[in-house]
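# Results of the structural survey
Here are the chains, one letter per residue:
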Amino acid sequence: MILSLPRLQITFIINFDFTLVLTSSKSKIESKALIISPLAPPPQNTPSKFSLRINLFQFLIGLFLLSFLFFVAQNLLLQVQINVPPASLGIAVLFCGLLWIKGVPKAISNAANPLLAHMSLFFIPAIVAIVNFIDLIVAFPLALFFSIVVSTLVSLSITAWISQRLMHKLDITNSNSDKPPREGD
Amino acid sequence: MLTLLNDINWMATLVWLMVTVIIYIGALHLYKIAKPLWFIHPALHPLIVSTLLIILLQSWTHTSVSEYQNYTTLLSALLGPATIALAVPLYKQLNILIQMNWRVLVPISVAGVLSPALSWTCLYLLDSPLNLQMTMLVKSITTPLAMDAASAIGGIPSLAAVFVISTGIVGAICGPALFALIGVHNQAAQGTALGAVSHAVGTARAISIGEQCSAFATLALCMNGIATSLILPMLFG
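What counts and what doesn't
Residues numbered from 1 in each chain as written. Chains lettered and ligands numbered in written order. Predicted model: local features only at pLDDT ≥ 70, side-chain atom pairs only at ≥ 80, totals over all residues. Helix = DSSP H or I, 4+ residues; strand = E, 2+ residues; numbered from the N terminus. Rg over C-alpha atoms; globule rule 2.2 N^0.38 Å. Buried ≥ 20, exposed ≤ 12 C-beta atoms within 10 Å, placed from the backbone. Contact = placed C-beta atoms within 7 Å. Nonpolar A, V, L, I, M, F, W, Y, C, P; charged D, E, K, R; others polar. Core = buried A, V, L, I, M, F, W, Y, C linked by C-beta atoms within 7 Å. Domains from an automatic or database assignment. pLDDT = per-residue confidence, 0-100. Axes fitted to C-alpha atoms, helices over the stretch in contact; angles between N-to-C directions. Parallel < 35°, antiparallel > 145°, perpendicular 65-115°, else oblique. Left-handed = near helix turned anticlockwise from the far one by under 90°.

### Considering the overall build of chain B
- The number of helices and strands found in chain B is 14 helices and zero strands.
- Of the regular secondary structure in chain B, the N- to C-terminal order runs α-α-α-α-α-α-α-α-α-α-α-α-α-α.
- Over its C-alpha atoms chain B spans a radius of gyration of 19 Å, differing by no more than 12% from the 18 Å that the globule rule assigns to 237 residues.
- C-alpha extents for chain B along the principal axes are approximately 60 × 45 × 40 Å.

The structure is reproduced here in structure tokens:
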């Protein structure tokens, strides 16, 4: 255990700059896909210079800014007694700020990318409390099956069908149609 | 302040924080290794594996849930700032939003209304308690926003997280086969559906389908998450 510890920490750091893969698409829509999950494979044609190294100083500044925004939003909402999640207000404020300055400051993106990529880690403490509600889940197996599995499949197909009807005329799939789909994904 | 600091069990805090982080990293690696087993792959989501391991460890060391939550306050405290960071991917997909306009907004709104409405109807028809119904309303938005919204409308945050993750896994496993079945071959449409209905887990799946798919999924994930978490508390809060 002690021997394997340093290796784990190194992989953690590698994970951190692994997540920062920015790719720009060649499609008509000039879009930048921000990969927000470390679980996804890195794009194969992306050269290694595109994976940026985390600047720890900028990360800390960005983290401070984001935390400050959250703190202000939380206290403001407590004052005015509106029942809205503070994080949603924070997202709205930050989004308007990014529109205002027309770009993402390095400090913010250096903090946002690793935080988003490893967000799962931050809600483990909350999910662990599920052991207190096991009785509730076991009591309604059929209702939960229908409302999670069946309703998800139905809404997924209806949404996909509507989007295809609305988007198919725009011919936006061309950029990827010449590539064969990858196996096993 | 000084007595407050003395009250904290530093050793346990440090140990539990490190244990949580190490288990998470291990689960992350397991998830990457299990990539070829595509059918069970989404079910090995790091969150599921690490939560199960930590629950086992807790029962083994006789640590209660509230004690564990006290020790790992540092991790939960980062959840708020991390959620605010969602504004960055939303901003990066702004071009799509401007170009597609209502063509992408309509499907996202349909998904945002349909998915909670359908699952609420199932629960209502099968006579389940009110807190379960309220919790289920947030199942199609990304976990941190869902937990906040659930506690605002009288649901149970940790249960909301479990419902949200299961919804994501169902979408990620069945999504591609379902699209082939109903004849949706447009990547943008697939991405919109995956992001709007099965949020972050679906978006991770969309990334493996293609670049355009992941861009639309990211946009749908952010838009649906923000809209739902703002509207639900106003309706039921």
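### Points about the overall build of chain A
- The helix and strand tally for chain A stands at nine helices and two strands.
- When the helices and strands of chain A are read in sequence order from the N terminus, they spell out α-β-β-α-α-α-α-α-α-α-α.
- Here chain A holds 185 residues, and the buried ones make up 35% of them.
- Restricting the contact set of chain A to residue pairs at least 6 apart, pairs at least 24 apart contribute 63%.

### Brief notes about the interface of chain A and chain B
- In this complex, chain A contributes 88 residues to the contact, which on the side of chain B involves 105 residues.
- Sorting elements by how many residues they give to the side of chain A that touches chain B places helix 8 (residues 141-167) of chain A first, with 22 residues.
- Considering only residue class, the side of chain A that touches chain B consists of 59 nonpolar, 26 polar and three charged.

### A closer look at the nonpolar core
- With 113 residues, the main nonpolar core has I84, A85, A87, V138, A146, A160 and A161 of chain B as its most contacted residues.
- Here this core gets 12 residues from one element, more than from any other, and that element is helix 13 (residues 187-209) of chain B.
- Per-domain counts for this core show at least three residues from each of domain 1 (2-77) and domain 2 (87-236) of chain B.
- Contacts of A161 of chain B, omitting those with residues within four sequence positions, involve F123, A126 and I127 of chain A together with T143, A146 and M147 of chain B.

### A closer look at the confidence of the model for chain B
- Per-residue pLDDT for chain B has a mean of 84; in total, 95% of the residues score no lower than 70.
- On the interface metric, ipTM, the complex scores 0.81, and its pTM is 0.72.

### Here's the deal with the environment of Q69 of chain B
Residues and elements named next belong to chain B.
- Mapped onto the fold, Q69 is located in helix 4 (residues 65-71).
- Judged by local crowding, Q69 falls into the partly exposed class, with 17 C-beta atoms found within 10 Å.
- In this structure the C-alpha to C-alpha distance between Q69 and R205, which are 136 residues apart in sequence, comes to 31 Å.

### Considerations on the packing of helix 9 (residues 102-125) of chain B against helix 14 (residues 211-236) of chain B
Residue and element names in this part refer to chain B.
- As a packed pair, helix 9 and helix 14 sit with axes 10 Å apart at the nearest point and diverge in direction by 55 degrees. It follows that helix 9 is oblique to helix 14 by the angle criterion. Two packed elements cross with a definite hand, and for helix 9 against helix 14 that hand is right-handed. For the pair helix 9 and helix 14, contact is made by V104, I108, A111 and G112 and by L219, A220, M223, N224, A227 and T228, respectively.
- Class assignment of the residues belonging to the contact of helix 9 with helix 14 gives a composition of seven nonpolar, three polar and no charged.

### Let's talk about the domain arrangement of chain B
All names here are of chain B.
- Looking at the assigned domains, one finds that chain B contains domain 1 (2-77) and domain 2 (87-236).
- One C-alpha centre belongs to domain 1, the other to domain 2, and the line joining them spans 26 Å.
- Listed by partner, the interface residues are six residues for domain 1 and six residues for domain 2.
- Grouping the constituent residues of the side of domain 1 that touches domain 2 by class yields five nonpolar, one polar and no charged.

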